[in-house]
Amino acid sequence: MTGGSDEWWEGNAAVQVPAQVEYEKATSVEHALTLLTRYGPESRILAGGHSLIPMMKLRLAQPEMLIDINGLTELCYITLAGNQLRIGALTRHAQLLDSAVVGQYFAILHDAERVIADPIVRNWGTVGGSLCQADPSEDLSAAFAALKGTMVIQGPGGAREVAAREFHTGPYQTVVRPAEILIEVRLPIRAGGGSSYRKVARRAGDWPVGAVGAAVWLERDVVADVGIGLTALGARNFAAAEAEDYLRGRPATADNLDRAGQIAAENCRPVADQRGPADYKRHLARVLTARVLSEALSRAGG
Ligand SMILES: Cc1cc2nc3c(=O)[nH]c(=O)nc-3n(C[C@H](O)[C@H](O)[C@H](O)COP(=O)(O)OP(=O)(O)OC[C@H]3O[C@@H](n4cnc5c(N)ncnc54)[C@H](O)[C@@H]3O)c2cc1C
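The model shown is predicted, which means the values in this text are computed figures rather than measured ones. (Residues numbered from 1 in each chain as written. Predicted model: local features only at pLDDT ≥ 70, side-chain atom pairs only at ≥ 80, totals over all residues. Heavy atoms only, no water.)

## Describing the site of the ligand
So, point 1. Around the ligand sit 29 residues in total, of which Ile-45, Gly-49, Ser-51, Thr-126 and Asp-139 are the nearest.
So, point 2. Within the backbone of His-50, one N or O atom sits 2.8 Å away from an oxygen atom of the ligand.
So, point 3. Contacts to the ligand include Ser-51, whose side-chain N or O atom sits 2.4 Å from an oxygen atom.
So, point 4. Bound to the protein, the ligand loses 90% of the 980 Å² it would expose on its own.
So, point 5. Most atoms of the ligand, that is more than half of them, are within 2 Å of grid points of the largest pocket.
So, point 6. Taken together, the elements giving at least two residues each to the shell around the ligand come down to β2 (43-46), α8 (127-133) and β10 (181-188).
So, point 7. Top element by residues in the shell around the ligand is α8. It accounts for five residues. (Near = heavy atom within 4 Å. Polar contact = N/O pair within 3.5 Å; in protein donor to acceptor, adjacent residues only side chain to side chain. Areas by Shrake-Rupley, 256 points an atom, 1.4 Å probe, with all protein chains shown as cover. 1 Å grid on protein atoms, 1.4 Å probe; cavity = no way out; pocket = protein on both sides within 12 Å on 5 of 7 lines; lining within 4 Å. Sits in = over half its atoms within 2 Å of the grid points. Helix = DSSP H or I, 4+ residues; strand = E, 2+ residues; numbered from the N terminus.)

The following block contains the structure:
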């Protein structure tokens with residue numbers, strides 16, 4: 001108990017205990033989809049529960065049915081398939097951090113995972129849960145936007161693919177429909193690429209004040225392609241598209257990286273909150289963008 005006295009507990013019970021909810025454990029993806037269809041929009045997938053359960057305790061979410069997918073080991077994998085890395089939706093943060101193949105091709109994901117919460121959250125929180133929660137401060141959303149990944153969503157009628165940058169439709173909203181499940185993230189592996197992620201938080205393990213990820217592909221010292229993802233900085237679709245447009249086709253000079261940082265800062269719309277004022281967040285967008293671009297370039301070419 002967190003309150004310290006029974007009186008406190010009585011007075012705050014409504015915000016500490018979730019409302020009554022039914023629970024069923026899915027035995028396969030098909031079973032989970034059947035349950036979602038049977039129980040309708042008041043049912044919710046339960047993955048790591050690190051976001052959903054606190055929201056239920058605060059009554060910000062009140063599902064009538066929880067469909068637990070934690071037994072679906074078929075959604076828990078990191079595999080190479082041709083020129084793609086495929087990550088199952090039930091892959092835990094800690095597994096992403098421990099994966100050598102992830103580190104080899106996508107250093108940005110190791111950078112991000114090192115600063116997501118703490119080991120307890122990372123051991124149980126999932127990639128799919130992070131993306132479907134769609135919190136504007138979720139680090140992986142910006143990292144996958146920078147990497148130009150693709151999400152695979154399964155519904156009763158089959159699977160469909162959605163670009164990472166079209167997956168989120170707003171704060172806490174995605175394109176996943178009530179009877180669908182996110183099952184996989186696909187990341188293209190391209191030659192000459194490097195990537196990086198940097199985050200500023202008030203304390204170790206805290207949510208970001210602001211964070212930026214970048215992936216850069218070089219051809220003879222010219223930026224052939226680039227992806228820049230912004231976390232908690234009010235960027236449309238978590239991406240700094242205008243800065244990317246500026247940098248693409250230009251030499252990878254320090255001046256150009258700084259200019260890309262300025263453009264990213266000018267085009268994002270951070271809001272003031274308990275983590276910091278908007279102008280400070282805009283400053284972070286500028287500085288961190290130039291910094292991650294520089295680091296991504298130093299890692300490029302492999
Ligand atoms: C103390 C704390 C600190 C944290 N700090 C950070 C941080 O610094 N950075 C960061 O990025 N995150 C942070 N997190 C969030 C963490 O990354 C969680 O893992 C994540 O928010 C949710 O993942 P989950 O698996 O627990 O999802 P759940 O809580 O189980 O689900 C979240 C939502 O997604 C839906 N959902 C889950 N999986 C699927 C699926 N496959 N298909 C469709 N819908 C699905 C659920 O129905 C629910 O609506 C923190 C969490 C805590 C508790």
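Next comes the rest of the account.
## Thoughts on the side chain of Ser-99
So, point 1. By the element assignment, Ser-99 lies in the loop between α4 (93-98) and α5 (100-105).
So, point 2. Looking at Ser-99, the relative accessible area reads 10%, which means it is buried.
So, point 3. When sequence neighbours within four positions are dropped, the list of residues in contact with Ser-99 reads Ile-78 and His-110. (Buried < 20%, exposed > 50% of the residue type's maximum accessible area, 1.4 Å probe, protein only. Contact = heavy atoms within 4.5 Å.)

## Quick notes on the layout of surface pockets
So, point 1. Here the largest pocket defines a volume of roughly 1400 Å³.
So, point 2. Residue lining of the largest pocket: 49 residues in total, with Ser-51, Leu-52, Gly-129, Cys-132 and Gln-133 positioned closest to the centre.
So, point 3. Mapped by element, the contributors of at least two residues to the lining of the largest pocket are β2, α3 (52-57), α8, α9 (139-147) and β10.
So, point 4. Considered as a void within the structure, the second largest pocket measures approximately 430 Å³ in volume. (Points joined across faces, edges and corners; volume = space filled by probe spheres on them.)

## A closer look at empty space enclosed by the protein
So, point 1. Taken as a whole, this structure holds one cavity of 30 Å³ or more when the rule is applied.
So, point 2. The space that makes up the largest cavity amounts to roughly 30 Å³.
So, point 3. Lining the largest cavity, in full, are Pro-18, Ala-19, Val-21, Met-56, Ala-61, Gln-62 and Pro-63.
So, point 4. Looking at the lining of the largest cavity residue by residue, the classes come out as six nonpolar, one polar and no charged. (Nonpolar A, V, L, I, M, F, W, Y, C, P; charged D, E, K, R; others polar.)

## Topic: the sheet that holds β2
So, point 1. If you walk across this open sheet you meet the three strands as β1-β3-β2, and the pairing is parallel. If you trace the sheet from one side to the other, it starts and ends with β1 (22-25) and β2, each paired once. Taking each pair of neighbouring strands and ignoring which way they run, the sheet shows an average axis angle of 25°.
So, point 2. In this sheet, strand β3 (residues 65-68) lies alongside β1 in parallel orientation, the contact comprising four bridges. Bridge pairing links Glu-22 to Met-65 in β3. (Pairing = 2+ DSSP bridges. Axes fitted to C-alpha atoms, helices over the stretch in contact; angles between N-to-C directions.)

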